[in-house]
Structure formats: C-alpha cells, structure tokens
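Fold and geometry: a report
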Protein chains: 6
Amino acid sequence: MPKLVEYADAGPAVRAVYDAIMAARGTTEVNNFWKALAVDPPGLKRTWESLSQVMAPGVLSPVMKEMLYLAASMTSGCAYCTASHAAAARAKGMTDAEYGELLAIVGMAAETNRLAEALRVPVDPQFE
Amino acid sequence: MPKLVEYADAGPAVRAVYDAIMAARGTTEVNNFWKALAVDPPGLKRTWESLSQVMAPGVLSPVMKEMLYLAASMTSGCAYCTASHAAAARAKGMTDAEYGELLAIVGMAAETNRLAEALRVPVDPQFE
Amino acid sequence: MPKLVEYADAGPAVRAVYDAIMAARGTTEVNNFWKALAVDPPGLKRTWESLSQVMAPGVLSPVMKEMLYLAASMTSGCAYCTASHAAAARAKGMTDAEYGELLAIVGMAAETNRLAEALRVPVDPQFE
Amino acid sequence: MPKLVEYADAGPAVRAVYDAIMAARGTTEVNNFWKALAVDPPGLKRTWESLSQVMAPGVLSPVMKEMLYLAASMTSGCAYCTASHAAAARAKGMTDAEYGELLAIVGMAAETNRLAEALRVPVDPQFE
Amino acid sequence: MPKLVEYADAGPAVRAVYDAIMAARGTTEVNNFWKALAVDPPGLKRTWESLSQVMAPGVLSPVMKEMLYLAASMTSGCAYCTASHAAAARAKGMTDAEYGELLAIVGMAAETNRLAEALRVPVDPQFE
Amino acid sequence: MPKLVEYADAGPAVRAVYDAIMAARGTTEVNNFWKALAVDPPGLKRTWESLSQVMAPGVLSPVMKEMLYLAASMTSGCAYCTASHAAAARAKGMTDAEYGELLAIVGMAAETNRLAEALRVPVDPQFE
C-alpha cells in the first residue's frame, strides 16, 4: 500500500492543492490519487494545474473529454484511472449504451492496433 | 515491408471483403491495413465485419467514435492506426481545435496513468 | 541510426560472440541486433548465452519456440523482433496457414486482454 | 469490482451467448470475463463468436493455440487472461516443462524486444 | 509526416515558447518535438513549462535526470524520445560505459517485469 | 495466486539459487519473485545470474542502478517490481526528495513519450 497523505497530516503546500481540488469539484473529499501523489508536493501542484487546464471547458463537451480520458486509461491498462474516469464520465452524463460503445471501440482498437503493428503496415499516402 | 495483396492478385474470398470495404466507404481504393491482413483471409473477413459492427451508427456520433478510436490508437502507440484514424476523424468533422484537445487529453492521461500505477493507488470506494 | 559494430571493427570479446553466433547458426553473417548490442560487450555475451539456453532443444519443438517468441514480439510491438522471428519461424517450418492462425490469436488476445483489464474482471476461483 | 451479469438476471440476448459458451465447453458455468462483458450485449456476442472462430480446430493444435494466447496475454500484462489461458492450456495438455519453456521465452522476448527498440535496430534485408 | 510548425510560420504564442526553449538551451534551433506539438499552442506552453520544472536543477544531478528519462523512454518504446534523451544525456556527461550499464538495466528490468507479471507474484510484506 | 516454492519443498537446483541469493544479500529470506520463478529451475538460475551480473558494482553507483531499475519498472507498469525496487533503492540510500524527482521524471516521460509517438515526430539529424 502506498502512503496516502491525509489533510490533517499535510503541510501548507499540499493543503492548498487539496483545497483547490475540493473547491473545483464541490466536494469535501480528495480522492486517493492526489493523496498518494502528495509525497511529491511540487508534482502534486503541477499535475493538478495541468489536469485542470486540460479538462477545463473547451470545444469538446465535458462528458466527451472524460470518455476520451477513459479510453486512453483503459488502453494503457491503468485500473485506478479506468475506475475513476468511468465514474467521472458517468457523473457527467455517459449512459450505459455510450459506455458499451466506448468499450467496444477500445477492444476493437486493441485488436487492429496490434495487427497493424504485427504486419508492419506502411502508412498510405492519403493519410499523410 | 509486409506483403500487400492487391485486388488483381486476390482470390474470391479476399475480393469479396475488398468489395464490401469499397462499397461501404464509397471509394475505389482499399487501404494498406486490409491488403496486409489479406494474408489471413478468414481474419480479414472477421476483422472487417467486427469493425463495421463496432463503427456502425449508434448512440455516439461517427466523429466521436473515430476520436475514441484515435485516442486508443495513440495510447497503444500504433503509428499506422494513429495516421489512419486521424484522417478518418478529420473526414468526419474533427476540427483542429478538437484535435488539439484530444492530444492534450491523451498526453495527460499517459502521465496520470503512469503515476497512478507507479504509486499503486488503491481505488476509492466511491468509484466502485 | 544506431551504431552497428562490424566484425572488422570489433574487439576480441565481441568477435568471440560473433563467432559463436555464426557457428551456432551455420552462417557467415551476424544480424543487426547483435551488431547494435555490441556497444555493451558484456551485455552482448550475456544476452547471446541466455538466448541460446532458452532456445536450445527442449520439450517444445524449435518451430513452436519461434512461434511463441513471435507472438510475444508482436504483442510487445517490436518491429525488428517481429521481422526477425517471423523469418526464423518460417525457416524452421512455420507454414502460411500456421502464420495466419498465429496472427489471428495475437489479434484476438489483444482485444480480450484489453477488455478484461478495462472491465477489471476478478479471476475465477477455478483458474487459481 | 465490475458488475457481473448472472444468468438469472440476464436478458435473452445475453442468455443465448451464455448457453452457447456452456454448450461449447461442456460446463454449467460461465467464467467472469463473459459475465463482465455482458454489460455490452452486442459486444458479448461478437467477442464470443470471434473467439470461437479463432480458437476452432485448425492447423495448429488446441494446446498450441492456448499457449500462443497465453504468451500474448503474459506479454500484454493481463492478469486475468494469464490465469484463464494458463488454466485452459493445462486442461488441453500443457505440461509443467512446457510451461517452464514458455515462461522463459516470454521473459527472454521481453528483454530482447526492449533492447531492439532501445537500440532502434534497422531490420536486416534478409528478414524482409 | 506530421506538420512541423517553423518559427517563421508561428503565431506569437508559439514563438514565445520557441524563444524560451532556445534561451534555456543556448541554441538557435528548436527540435522537432516542439515543432510538432505546436499544433496545440496551449499544450506546447504547458508541456514546456512542466518539462522545465521537472528537469530543473534539483537533488539529482542533470545527467542522472536525463538517464532516468532515457530509461523510461526506452521502456515505453518511444524511438524519438530515446534518440533525443540519449543525445541529451551524452551532452550532460553520460559515458559509453554508463550507457552500456543503463541499457543492461533496461533490458533486465523488461525481463523481470514481464516474469513478475506473468507469474502474478504477490508483493512481499517487507516491501510495503 | 501463483505457486511459491518454499526452501523446505525445493530440490537441490532451486536450493542452490536460494542459497546464493541469501548469501549475496546477507539475509535469511528469499523474496516471492524467486519463489514463483522456481517453477522453472533453469530460468531461476539464469535470471538470478544475469541479474547479479547487471546489478554488480560498475561505473554507476548501486543506488543509481536501483533508481534506473525502478524507473523502468514503473514505466512498464509492474506493481511487484515497483514495490521491490523502490524498497531496494531506499535501502541503498534513495531519499524522499530523490524519489519525488524520479517520480516526476517518470510521469513527464510518459506524457512526452506518448505525445511524440502520437505526433509521429521525425528524429532530428543532430540526435543521430
């Protein structure tokens, strides 16, 4: 088990990030990822700020951003991130049917990605 | 370089799949992935049929399906698939700004996926 | 391009390994993998000796050993290893039909591996 | 923990696949992978049918097919698939000695795959 | 080939990052990674700033930081990053002998990482 | 759970490796990785001897070798190896601040590795 830094035990630099996370999300709880990352306080701050910037309202809808994050997390095989971003996507509106289609795409991509690599397929000129 | 099976050299089983691909896409060209996969005719047929089913109109829009496929392909590091699905996503309407946001999410996910795994973070009960 | 150490330019420690490779394979040529690895002479020797031991005649047939090596190399996405072990498997008897089935298994495994991870499926007691 | 769809709670589309799995395997139990995948009924059906086709009797023996699946699953780091395909391979005749050789090949491939990529070794002309 | 944004064609936001990169490195050239990432100007800025912070002087020496970056890049199979960080590590003092040891560690880690995953080894209590 | 071969149940070939491990490390305990690998006695011996050679005193300090091993293990997503090599690195002198910097580099490398691959960035001539 990794060390999880609780608010009560955190120094001011870590508390400031926890406060920002809770304020941004309207919760009174910080999830384990941040508590584990708090072993590196500058990394905690930088990662939170980068994530906030990347997931801020943009041209893509919040639910689509979460679904893209989920597809990437599933593909890289991160169990924690798959669980947390599936929960976030659902909270932002992903339906069961959308989740089913996302899952099918991630599985199909895994198969064709592997085959294209195994066959060392040259990129067609029209894709460049 | 892998062997690429051209239409003129293909047997009837392979030609039938090539015909289906060209009909579905309204083109007169089959891209290299299928020409390489044609070394395994049953696999060519099965993969095309599965892909058609997965990418058929559903609850997610065609462009969002392509963007999810692209995010998965980028994450698994398949250069061919990244090129082909980026082209497909653009053909279906992905803008430069949307591509930029997708790229940022894929990069950010890679970082937090790795950190969550490196820290062996336990999944929070509320995500289950 | 990596540095490739040719026989003529190699020191005695590297030449000894090159000699062993050529003798074991009955060729007068050393393939690029070893020429690139020769930047680390002790690593060259250790890797060659380990590989020789692993690929030596055993309970599995030589062609099956090469096909397992190929399946692993395809799955890890190593283009060089995929090319070299496909050539080795063919030299040891892998047919086109066997290659087609291997390719299908590698593709299918990629899909179900990803889905099982994405779904975080608990291992059934009977598999333990 | 993912949601596992039990037979008693499944709709007719899912039950039809479960029936097919149990009939094909001669068991009265469906393993967790399928119960988890049942959240996407069309994906469950498509994946089962593809897997049945890929693992059907062919030019490779059933045990060799399972061993190739196992090597791919180990390489992609899927714990569930490693456990389930190791059990399947043993059920189809893989001995302890064969398992040991498979394990050694998977480990050795991981090392040489990584080294070949790290050294960016160009593919030798004779492998093309 | 990806689009590479040259200084002459760049807008002010991109030029500002290019100027910062050249100033920090004391060069008059920006390498291709940044020119490619410039398709997403906010991502270019955020990534450069994060990288600068991570690679800034700290408790680890500059050459050790580059060698760790190189080991991670080799392990994730990024050819571009392997080439660029090998060059950076050499520029900061990595010797041939140090490179050889790094390579051996990366290869050995790949093998034991894969074996530990394949065997699903439980973490010993003393490592927690 | 994998089978773990305890000393009392091991044959002479396995015991000889366990004795060598305990002697080299000055402990009376063998960690689980070796107990699991003992299902393949020749692989156990070969892996231990290769690891000993790679991690032997060299031009890099013992703590730096462990930190490189840790960075590679984190990047390949091996939980067991991450735990064991983090413990080994700490035992050889890695401080909390050094661990924090290593973690930040591993995370940053994951992001830029993925972006460089996703953008298919061509290697700059000066890096060759």
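Every value quoted in this text rests on a predicted model; they were computed, and no experiment measured them.

Between chain B and chain A, the contact holds 58 residues from the first and 58 residues from the second. Between chain B and chain A lies a buried interface of about 5400 Å² when both sides are counted; carbon and sulfur atoms form 73% of it. When residues of chain B are sorted by the area they lose upon contact with chain A, Ile 105, Met 108 and Phe 127 of chain B head the list and together hold 11% of the total. A salt bridge links Lys 65 of chain A to Glu 101 of chain B; the shortest N-O distance between them is 3.6 Å. Taken together, the elements giving at least two residues each to the side of chain B that touches chain A come down to α2 (32-37), α3 (41-55), α4 (62-76), α5 (79-91) and α6 (96-118) of chain B. It is α6 of chain B that provides the largest number of residues to the side of chain B that touches chain A, a total of 15 residues. Each residue belonging to the side of chain B that touches chain A can be placed in one class, and the counts come to 37 nonpolar, 13 polar and 8 charged.

Once that is clear, we can look at the UniProt feature "domain: Carboxymuconolactone decarboxylase-like" (unreviewed entry) in chain A. The UniProt record annotates "domain: Carboxymuconolactone decarboxylase-like" (unreviewed entry) at residues 42-121 of chain A. The distance from the first to the last C-alpha atom of residues 42-121 of chain A is 42 Å, and the span holds 81% helix and 0% strand.

Aligned on chain B, chain C shows an RMSD of 0.0 Å; the corresponding rotation is 120° and the shift along the axis is 0.0 Å. The two molecules are tied by a three-fold rotation axis, judged by turn and shift. Residue Gly 77 of chain C of chain C places its C-alpha closer to the rotation axis than any other residue of that unit, at 4.9 Å.

Here we come to helix α4 (residues 62-76) of chain D. With 15 residues, α4 of chain D should cover 21 Å at 1.5 Å per step; its first-to-last C-alpha distance of 21 Å lies within 8% of that length. Across the 15 residues of α4 of chain D, 12 count as buried, placing the element largely inside the fold. All of the buried residues in α4 of chain D are Met 64, Lys 65, Glu 66, Met 67, Leu 68, Tyr 69, Leu 70, Ala 71, Ala 72, Ser 73, Met 74 and Thr 75 of chain D. In this structure, the buried side of α4 of chain D is in contact with α4 (62-76) and α6 (96-118) of chain C, α3 (41-55), α5 (79-91) and α6 (96-118) of chain D together with α6 (96-118) of chain E. Phi for Gly 77 of chain D, located one or two positions after α4 of chain D, is positive at around 75°.

Throughout the structure, instances matching the rule amount to 7 cavities of 30 Å³ or more. Lining the largest cavity, in full, are Glu 111 and Leu 115 of chain A, Leu 37, Asp 40, Gly 43, Arg 46 and Thr 47 of chain B together with Leu 103 and Ala 104 of chain C. Elements with a contribution of two residues or more to the lining of the largest cavity: α6 (96-118) of chain A, α3 of chain B together with α6 of chain C. Per element, the largest residue contribution to the lining of the largest cavity is 3 residues, and it comes from α3 of chain B. Looking at the lining of the largest cavity residue by residue, the classes come out as 4 nonpolar, 2 polar and 3 charged.

Reading guide: rules and limits
- Position numbers for residues start from 1 in each chain and track the written sequence from start to end.
- The naming scheme follows written order: chains are lettered A onward, ligands numbered 1 onward.
- With the structure being a predicted model, the display of local features is reserved for residues of pLDDT at least 70 and the display and counting of side-chain atom pairs for 80 or more, all residues being used for whole-chain, interface and lining totals.
- Water and hydrogen atoms play no part in the side-chain values, which are based on all heavy atoms of the structure.
- The contact criterion used is simple: two residues touch if any of their non-hydrogen atoms lie within 4.5 Å.
- Here the quantity called buried area is the total loss of accessible area, with a 1.4 Å probe, experienced by two parts when brought into contact, counted for both.
- In the sections that follow, a salt bridge refers to a side-chain nitrogen of Lys or Arg positioned within 4 Å of a carboxyl oxygen of Asp or Glu.
- The helix count covers DSSP runs of H or I at least four residues long, the strand count covers runs of E at least two residues long, and both are numbered beginning at the N terminus.
- Under the grouping applied here, Gly and all other residues not named as nonpolar or charged are polar, the nonpolar ones being Ala, Val, Leu, Ile, Met, Phe, Trp, Tyr, Cys and Pro and the charged ones Asp, Glu, Lys and Arg.
- UniProt positions are given in the numbering used here, feature names are shortened, and annotations may be inferred rather than shown by experiment.
- The least-squares superposition of copies is restricted to C-alpha atoms, and to residues with a pLDDT of at least 70 in both copies.
- In this scheme, a helix's expected span is set at 1.5 Å multiplied by one less than its residue total.
- Exposure is judged per residue with a 1.4 Å probe applied to protein chains only, and the accessible area is read against the type maximum: over 50% gives exposed, under 20% gives buried, and values in between give partly exposed.
- A cavity here means a set of 1 Å grid points, computed over protein atoms only, where a 1.4 Å probe fits but cannot escape. A pocket is an open set with protein on both sides within 12 Å along at least 5 of 7 lines, and lining residues have an atom within 4 Å of a point.
- Grid points are joined across faces, edges and corners, and a volume is the space filled by probe spheres set on the points.

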